[in-house]
Amino acid sequence: MSNLDPNTLPRPSDSNATDWWRGATIYQIYPRSFQDSNDDGIGDLPGITQRLGYIAELGVDAIWISPFFTSPMKDFGYDVSDYCDVDPMFGTLTDFDALVAEAHDKGVKVMIDLVLSHTSDQHLWFRESAKDRTNDKADWYVWADPKPDGTPPNNWLSIFGGPAWTWCPAREQYYLHNFLKSQPDLNFHNPDVQDALLAATRFWLERGVDGFRLDTINFYFADKELRDNPALPPEKRNATIAPSVNPYNHQEHLYSKNQPENIAFLERFRALLDAYGARAAVGEVGDAQKGLEILGDYTSGDKRMQMCYAFEFLSKEPLTAQAVVDVLTRLDTHAPDGWACWAFSNHDVMRHASRWDLSPQAQRGFISMMIALRGTLCLYQGEELGLEEADVAFDDLQDPYGIEFWPEYKGRDGCRTPMVWTHSNSNGGFSEAKPWLPVAAPHLQKAAAAQERDVTSLLQHYRRALAFRKAHTALIKGAHANLNAQNDVLSLHRLHDGTEMFCAFNLSETAQTITLPTGTWEPLGDSLDCATPLPDGTLHLRPWQPCFARRTT
Ligand code: BGC
């Protein structure tokens, strides 16, 4: 048992407030790999329900469940063939209702992952659309005639490799897919498509979900004229996968995404959410060059998205104090009234413990720093246990992205291996059957049960860190100011309702000393092993040590 009783943990003052999402902590669940309840080797909804106690005890406000809808699973659920049902491998609608009820009982909100930009090619809409050029759904996807020489209508590329166009013999036309060819892009210029997607959204609102993570929100519209994308100069090529591996990064995606018409659709979506009260959406904005500008645009005011998911801290380069200051400063410029959702790890990138080669001490340092950020936080299952990227052999690979670009890029399976709950069997308590991806042997020693018993574990540190954030409204809702990077120390102030907090983080392996801002500072955060401001106005920080202090004069 942990030393923290969930019933006594501080909860946000009003979890029914319409802005519950502001500063909240969201825990991302990749359902295939969370908990298998029926021993078929694949995680499922009842498995999540079984583990809601663990989630509530972690102290998060909400869960975001990656897609569990009916799907042929070519992209593991990000290829939906029925928006309004649960894939049998994950359970049933009744299981979903039970999950929501139990989560709400425990004070945890439920967000689901809507993939509206594209469907599976097995969706009835696409099957009909692909039949001929005259059917009812003929204009529901992005269809285009070939060039006279038979080649695709323009130069757009797919993120998962190859052209973004696939030929359909029945129509003698190409259809657009920004991802796999089995993920055709919907035509958002058609109002009927928008209406159908909003109806699917309403279906889940009626079932009581508290919000949505919206997949690839800036890909909804393609240029009506389907103009060629210009080339991106080599010095601007900056993406998760090296430009040498995937030529997608050689283009500026001026016309294949980020279209101005998207704003009106986001406003329609928001109006629907608002009709249901305290519901929130976080839009995933994939854009290596203009991510923060788009975030600013999409979250400005109160008629669009409440939050957008920022990719900045998912970078390959280790996160330095200066990099954090640069990102927050750019955010202030591009999104003065916007709201970011920060993450270090997710189901698409190498786990940050490995990506930044972090020691256990450094992993503590980063979550201590994360709780000081203005914005909403997204944790990815297993990061609280310190899981590293798993080494998945080519023969075990499932991710089509990895299979396409192996071995230069190994895909996303290394961050998707099953959670480890106990050390009792080689599957870590995830399943009695062979899991869909092997459990990484080095993960077993980090199983949740062992960390529950150890008050010095990373899991316990995550719990204390989240409880500390929740206990200080300035960290949740406050403005930030005085962003500063001095050597490897990040410092910033958070201000709310007359309270001023000073936060400093040594993001390095060496001890650092800094000068405190003038004034008197009361040390906070005992439970996080924080450094104490000294009367002579200095602060000594051990490697990776944080400091939280409140101004008294
Ligand atoms: C999701 C990916 C998915 C892609 C296509 C994303 O950004 O996070 O996992 O493959 O969208 O739907």
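Note that the structure is predicted; figures quoted are calculated from it, not measured.

Cut-offs applied
Residues numbered from 1 in each chain as written. Predicted model: local features only at pLDDT ≥ 70, side-chain atom pairs only at ≥ 80, totals over all residues. Heavy atoms only, no water. Near = heavy atom within 4 Å. Polar contact = N/O pair within 3.5 Å; in protein donor to acceptor, adjacent residues only side chain to side chain. Areas by Shrake-Rupley, 256 points an atom, 1.4 Å probe, with all protein chains shown as cover. Nonpolar A, V, L, I, M, F, W, Y, C, P; charged D, E, K, R; others polar. Helix = DSSP H or I, 4+ residues; strand = E, 2+ residues; numbered from the N terminus. Buried < 20%, exposed > 50% of the residue type's maximum accessible area, 1.4 Å probe, protein only. Contact = heavy atoms within 4.5 Å. 1 Å grid on protein atoms, 1.4 Å probe; cavity = no way out; pocket = protein on both sides within 12 Å on 5 of 7 lines; lining within 4 Å. Points joined across faces, edges and corners; volume = space filled by probe spheres on them.

Engineer: Give me the site of the ligand: which residues, what numbers.
Structural biologist: Around the ligand, 14 residues are found, and the nearest of them are D75, D215, E284, H347 and D348. Interatomic distance of 2.6 Å between a side-chain N/O atom of D75 and an oxygen atom of the ligand. Residue D215 places a side-chain N or O atom 2.8 Å away from an oxygen atom belonging to the ligand. Protein chains shield 96% of the accessible area of the ligand, which is 310 Å² for the free molecule. Tallied by class, the residues present in the shell around the ligand amount to three nonpolar, four polar and seven charged.

Engineer: A description of the side chain of E284 should follow, citing residues and the corresponding values.
Structural biologist: Residue placement: E284 occurs in strand β10 (residues 280-284). Take E284: its relative accessible area is 6%, and that puts it in the buried class. Of the polar contacts made by the side chain of E284, one reaches the backbone nitrogen of T216; its length is 2.8 Å. Residues contacting E284, with those up to four places away along its chain left out, are R213, L214, D215, T216, I217, N218, Y309, F311 and D348.

Engineer: Before we move on, can you summarise the layout of surface pockets with the specific residues and values?
Structural biologist: Over the atoms rolls a probe the size of a water molecule, and in doing so it shows where empty space is left. Considered as a void within the structure, the second largest pocket measures approximately 200 Å³ in volume. As for the second largest pocket, its lining consists of 15 residues, of which P360, L385, K446, Q451 and L458 are closest to the centre. Elements with a contribution of two residues or more to the lining of the second largest pocket: α10 (360-370) and α12 (448-453). By residue number, the principal contributor to the lining of the second largest pocket is α10, which donates three residues. Split by residue class, the lining of the second largest pocket holds five nonpolar, six polar and four charged.

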